[in-house]
Amino acid sequence: MWIEIYHVDGLRVDAVASMLYLDYGKNDGQWVANKYGDNKNLEAIEFFKHINTSLTGRNPGAIMIAEESTAWPNVTGKAEEDGLNFNFKWNMGWMHDFLDYMKQDPYFRKGCHNKMTFAMSYNGAEKYILVLSHDEVVHLKCSMVNKMPGLGKDKFRNLMVGYTFFMGHPGKKLLFMGQDFAQLREWSEERELDWFLMAEENHKQLNDYFKELLHIYRKYPSMYELDHSWDGFEWINANDASRSIFSFVRKSKNGKRNLLFVCNFTPVERMDYRVGAPTKGTYKLVLNSDDSRFGGTGKKRPVSYKTVKAECDNRDYSFAYPLPAYGVAVFEFNYKV
């Protein structure tokens, strides 16, 4: 009905784990094992295989997402290979780690640097969707901007760099309505979104910034072509905990128009910042969070950066870029063949 009559894009199936396990939330003696003597709910497994293959088979392009909170294998695998045939798995692990990190005062982020890198250790296990959903902005959990540390503009700058990491990280994306312009109040089904905030400078600038991230996502296939493989991602420096800076590359299938991300999660300006280059050549600046239209200083910067033979981040070539406080820089480049 929802897909074929109301034409929704897809469905998110809640609490899949409670259906897959016979003993989910139960104590010994409260459940009966299946005919093989284990805790798998065989009927639920067959139901998921049936509904997912039927729905997506009849409606090409429709999406089925599993909110599954355990390490059940092959949730997004094909039914023919004993998978459940969901299109995507709701990545709650990434969401919790990301929000735990973002809530920290920048001074303490160096102590939980691994929270932002851990999700890549299991990224290839399923086809994931990264979620900042309704569950995260209701019931006294605060809106996204009010989860951020600091006061005033610092909250918005924190959210800008956080959203950049979110959009650049492998996996499909989901952001709940109102969070793209930093709604201050928690979401409520009893009222409309606080659209009036768009008249205020900070909210309009954040919305323009997120819009630019979406444009980059659509423009560059490297952002989505190889989401579920290490062929599409490479850390440049995943271990710069002392400065709370992350740098990584998103790769395209043909080696053209790749993107290099640099994200600074502290209010400390790094005028002497140097980043290791995955290949020799010229890097074009395509996103600069310090642009005046995003609330930055508006300081003029070169568009092109040529690598020099100077070791950095265990790479032979590198280039310098003055990285602002809470600064983001995204560069386009091609691999040399």
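The present account deals with the structure reproduced in this document. (Residues numbered from 1 in each chain as written. Predicted model: local features only at pLDDT ≥ 70, side-chain atom pairs only at ≥ 80, totals over all residues. Heavy atoms only, no water.)

### Remarks on helix H3 (residues 92–103)
Right, on to step 1. The first and last C-alpha atoms of H3 sit 16 Å apart over 12 residues, in line with the 16 Å expected at 1.5 Å per residue.
Right, on to step 2. Of the positions making up H3, those classed as buried are Met92, Trp94, Met95, Asp97, Phe98, Leu99, Tyr101 and Met102.
Right, on to step 3. For H3, the capping residue at the N-terminal end is Asn91, with a side-chain oxygen 3.4 Å from the backbone nitrogen of Gly93. (Helix = DSSP H or I, 4+ residues; strand = E, 2+ residues; numbered from the N terminus. Expected span 1.5 Å × (residues − 1). Buried < 20%, exposed > 50% of the residue type's maximum accessible area, 1.4 Å probe, protein only. Polar contact = N/O pair within 3.5 Å; in protein donor to acceptor, adjacent residues only side chain to side chain.)

### Side note on the nonpolar core
Right, on to step 1. Grouped together as the largest cluster of nonpolar side chains are 56 residues, with contacts concentrated most on Trp94, Phe98, Leu132, Tyr163, Phe165 and Phe265.
Right, on to step 2. For this core, the element with the most residues is helix H5 (residues 153–168), which contributes eight residues.
Right, on to step 3. Those residues within four positions of Tyr163 in sequence are excluded, and the remaining contacts are Leu132, Met144, Leu175, Gln179, Asp180, Leu206, Phe210 and Leu213.
Right, on to step 4. Ile236, Leu260, Val275 and Tyr283 belong to the second-largest nonpolar core, a separate cluster that totals 17 residues. (Core = buried A, V, L, I, M, F, W, Y, C linked by side-chain atoms within 4.5 Å. Contact = heavy atoms within 4.5 Å.)

### A few points about the packing of H3 against H5
Helix packing for two helices is described by the angle between their axes and how far apart those axes are.
Right, on to step 1. It is at 11 Å that the axes of H3 and H5 come closest, and there the two elements cross at 155 degrees. Put simply, H3 runs roughly antiparallel to H5. Handedness of the crossing formed by H3 with H5: right-handed. For the pair formed by H3 and H5, the contact residues are Trp94, Phe98 and Met102 on the first element and Asn158, Gly162, Phe165 and Phe166 on the second.
Right, on to step 2. When its residues are assigned to classes, the contact of H3 with H5 shows five nonpolar, two polar and no charged. (Axes fitted to C-alpha atoms, helices over the stretch in contact; angles between N-to-C directions. Parallel < 35°, antiparallel > 145°, perpendicular 65-115°, else oblique. Left-handed = near helix turned anticlockwise from the far one by under 90°. Nonpolar A, V, L, I, M, F, W, Y, C, P; charged D, E, K, R; others polar.)

### Topic: the sheet that holds strand E13 (residues 328–333)
Right, on to step 1. The six strands are arranged E6-E7-E8-E13-E10-E11 in an open sheet whose pairing can be described as antiparallel. Sheet topology places strand E6 (233–237) and strand E11 (304–306) at the edges, where each strand pairs with a single neighbour. Direction aside, neighbouring strands of the sheet carry axes that sit 25 degrees apart on average.
Right, on to step 2. Pairing analysis gives three bridges linking strand E10 (residues 282–288) to E11, with the strands arranged antiparallel. What sits directly across from Thr282, in E11, is Lys306.
Right, on to step 3. Lying over the sheet, H5 contacts E6, strand E7 (245–250), strand E8 (258–264) and E13, oriented at roughly 150 degrees with respect to E8. (Pairing = 2+ DSSP bridges.)

### Some words on the packing of H5 against helix H6 (residues 201–219)
Right, on to step 1. It is at 10 Å that the axes of H5 and H6 come closest, and there the two elements cross at 10 degrees. By the angle between their axes, H5 is roughly parallel relative to H6. Of the residues in H6, those in contact with Lys153, Phe156, Leu159, Met160, Tyr163, Thr164 and Met167 of H5 are Asn202, His203, Gln205, Leu206, Tyr209, Phe210, Leu213, Leu214 and Tyr217.
Right, on to step 2. Residues belonging to the contact of H5 with H6 are distributed by class as follows: 11 nonpolar, four polar and one charged.

### A look at the packing of aromatic side chains
Here a ring pair, both rings aromatic, is described through the centre-centre distance and the interplanar angle of the planes.
Right, on to step 1. For the coordinates displayed, the defined rule picks out 33 aromatic pairs.
Right, on to step 2. Ring plane angle 85 degrees and centroid distance 5.8 Å describe the contact between Phe165 and Phe248, whose orientation is recorded as edge-to-face. Of this pair, Phe165 sits in helix H5 while Phe248 sits in strand E7, placing them 83 residues apart in sequence. Here Phe165 and Phe248 have matching classes, each one buried.
Right, on to step 3. Taken together, the ring pairs connect Tyr101, Phe165, Trp230, Phe233, Trp235, Phe246, Phe248, Phe261 and Phe265 into an aromatic cluster.
Right, on to step 4. The ring centre of Tyr107 lies 3.6 Å from the NZ or CZ of Lys110, which sits over that ring.
Right, on to step 5. The positively charged end of Arg257 is found above the aromatic ring belonging to Tyr220, 4.6 Å away from the centroid. (Phe/Tyr/Trp six-rings, centres within 6.5 Å; stacked < 30°, edge-to-face > 60°. Lys NZ or Arg CZ within 6 Å of the ring centre and 35° of its normal.)

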